[in-house]
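Per-entry structural report
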Amino acid sequence: MKINIIGGGPAGMYFAILMKKANPSHEITAYERNGPDDTFGWGVVFSGKTLANLRAADEESHSEITRNFEAWDNVDVVRDHEKISIHGNSFSGIARLQLLKILQGRCRELGIDLLFRTEVTDIDSLRLSCDLLVAADGVNSTVRKHYSTNFLPSLDLRPNRYIWYGSNRLFHGLTLTFRQNDDGVFAAHSYKFNKTTSTFIIECDAQTWKNARFDTMSSDATREYLEQVFQKDLDQAPLLSNKSNWINFAVVKNKNWCFDSVVLLGDALHTAHFSIGSGTKLAMEDAIALHDCFKSTDTVSEALSRFELIRKPVIEEYQAAAYDSMRWFENAADYMKLSPIELAYALMTRSGRVDYEKLRERAPDFIARYESSKR
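A brief report on the enclosed structure follows. (Residues numbered from 1 in each chain as written. Predicted model: local features only at pLDDT ≥ 70, side-chain atom pairs only at ≥ 80, totals over all residues. Heavy atoms only, no water.)

So, about the pattern of salt bridges. Applying the stated criterion to the full structure yields 26 salt bridges. Note that E357 and R360 form a salt bridge whose closest N and O atoms lie 2.6 Å from each other. Of this pair, E357 and R360 both sit in helix α14 (residues 356–362), three residues apart, which is roughly one turn of that helix. For E357, a relative accessible area of 43% corresponds to the partly exposed category. By relative accessible area, which is 43% here, R360 ends up partly exposed. Because the salt bridges share partners, they merge into one network encompassing K21, D58, E60, R106 and E109. (Salt bridge = Lys/Arg side-chain N within 4 Å of Asp/Glu carboxyl O. Helix = DSSP H or I, 4+ residues; strand = E, 2+ residues; numbered from the N terminus. Buried < 20%, exposed > 50% of the residue type's maximum accessible area, 1.4 Å probe, protein only.)

And the structure:
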């Protein structure tokens with residue numbers, strides 16, 4: 001089978017790896033508009049369950065990925081001068097560029113053609129020249145736009161703004177930090193992903209963004225302002241920029257996931273808010289699910305239909321939880337009246353995926369402290 005993939009991120013490369021591994025005779029080419037060392041953002045997060053899925057799918061790349069991981073079991077909630085730690089969670093972080101390098105190496109090892117700095121301008125011709133066209137070209141997918149009457153996408157641009165920095169201040173665990181000033185409330189999502197660097201994502205609501213006049217600030221002025229907001233948390237370390245700009249998160253959905261021999265994958269197909277840390281996880285598990293659908297049939301149309309049938313309910317569940325989490329952060333200012341322990345409890349239960357009973361099982365010390373605060 002001849003497979004063309006547009007997009008050289010985790011979703012596209014991982015699907016290529018699994019298909020080539022299953023059948024070396026597959027002719028697979030991935031087209032990526034950026035270079036092999038270009039990446040945006042800093043670290044990505046995987047849960048323990050996702051790691052088990054990756055190991056079952058391709059033990060070779062799993063071994064390389066986990067060799068470069070930073071692992072933790074705590075979520076820390078910081079407000080004012082208090083930090084609340086909730087243990088019993090299983091997460092790991094890795095540099096996004098390191099993950100891409102591992103997948104690139106595995107692709108080359110298997111004989112997959114990776115064409116970097118290659119912009120696909122004639123999508124129709126590429127589709128007609130292969131048996132399967134996979135669109136893994138991200139949230140701003142050109143394939144999805146080109147075939148919008150087939151996929152029927154919906155994009156919901158959210159009001160909060162966020163900006164993705166790095167920091168050499170190491171955060172040992174997923175840390176959610178809230179700071180207020182005269183302009184409003186700022187929330188930071190941070191975690192280490194290697195021995196020297198942490199991800200540091202900052203978000204704020206539209207009114208806070210307007211009050212701070214970020215629309216008139218340069219990139220350097222914005223970074224300096226935010227360094228002051230989180231001065232205590234950064235311990236004087238600077239924020240590190242990698243083309244860091246304010247973004248409105250886009251919730252992406254598609255009524256149809258495929259047509260003829262074309263299928264969407266990863267962020268081109270769906271997005272889940274970064275506050276539940278599932279973007280890369282979902283992309284790579286998409287690849288696993290799509291590959292699995294080809295195990296039972298050699299017919300592309302049947303495999304794609306089965307992929308949508310099986311995978312769509314899973315994604316809808318994740319997107320529902322991510323939506324609740326996103327809405328919580330959009331209304332974070334309303335929760336600043338809570339005590340730190342109450343704030344931590346509200347955060348841990350915000351998406352509906354974790355409730356009181358699960359917390360009592362995972363983090364009994366935290367629940368005991370929370371119950372004590374209510375007396």
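That was the structure; now back to the text.
This part is about the side chain of N160. If you trace the backbone, N160 turns up in strand β10 (residues 153–167). A polar atom in the side chain of N160 sits 2.9 Å from the side chain of E203. Only 3.4 Å separates the side chain of N160 from the backbone oxygen of F329, close enough to count as a polar contact. Residue contacts for N160: discarding those within four places in its chain leaves E203, C204, D205, A206, I247, N248, F249, F329 and E330. (Polar contact = N/O pair within 3.5 Å; in protein donor to acceptor, adjacent residues only side chain to side chain. Contact = heavy atoms within 4.5 Å.)

Empty pockets left among the atoms are what a rolling probe the size of a water molecule brings to light. The computed volume of the second largest pocket comes to approximately 220 Å³. What lines the second largest pocket is a set of 13 residues, among which V78, K83, R169, F171 and T175 lie closest to the centre. Put simply, the parts of the chain that give the lining of the second largest pocket at least two residues each are β5 (75–79), β11 (174–181) and α10 (231–234). Here the element with the most residues in the lining of the second largest pocket is β11; it accounts for three residues. Among the residues forming the lining of the second largest pocket, the class breakdown is three nonpolar, four polar and six charged. (1 Å grid on protein atoms, 1.4 Å probe; cavity = no way out; pocket = protein on both sides within 12 Å on 5 of 7 lines; lining within 4 Å. Points joined across faces, edges and corners; volume = space filled by probe spheres on them. Nonpolar A, V, L, I, M, F, W, Y, C, P; charged D, E, K, R; others polar.)

A few words on the packing of helix α1 (residues 10–22) against helix α11 (residues 279–293). It is at 8 Å that the axes of α1 and α11 come closest, and there the two elements cross at 30°. Compared by their axis directions, α1 and α11 come out roughly parallel. Of the two elements, α1 crosses α11, and the hand of that crossing is right-handed. Residues P10, A11, Y14, F15, L18, M19 and A22 of α1 touch α11, and the partners they reach there are T280, A283, M284, A287, I288, L290 and H291. Residues belonging to the contact of α1 with α11 are distributed by class as follows: twelve nonpolar, two polar and no charged. (Axes fitted to C-alpha atoms, helices over the stretch in contact; angles between N-to-C directions. Parallel < 35°, antiparallel > 145°, perpendicular 65-115°, else oblique. Left-handed = near helix turned anticlockwise from the far one by under 90°.)

Side chains on a regular strand alternate between the two faces of the sheet. Counting buried positions over the five residues of strand β3 (residues 43–47) gives five, a clear majority of the element. Burial along β3 is two-sided: the residues G43, V45 and S47 and V44 and F46 are all buried. Taken together, the five bridges between β3 and strand β7 (residues 91–95) define a ladder with antiparallel strand orientation. Considered in β7, the bridge of G43 is made with A95. (Pairing = 2+ DSSP bridges.)

For the structure on display, the rule yields four cavities of 30 Å³ or more. When contributions to the lining of the largest cavity are tallied by element, the ones reaching two or more residues are β12 (184–192), β13 (198–204) and α12 (300–330). Element by element, the count of residues in the lining of the largest cavity is highest for β12, at three residues. By volume, the second largest cavity amounts to about 50 Å³. In terms of lining, the second largest cavity is formed by F249, V251, T271, A272, H273, Q319, A322, Y323 and M326. Looking at the lining of the second largest cavity, the elements that each hand over two or more residues are β15 (247–254) and α12. Here the lining of the second largest cavity takes four residues from α12, the largest share from any one element. Looking at side-chain class alone, the lining of the second largest cavity contains six nonpolar, three polar and no charged residues.

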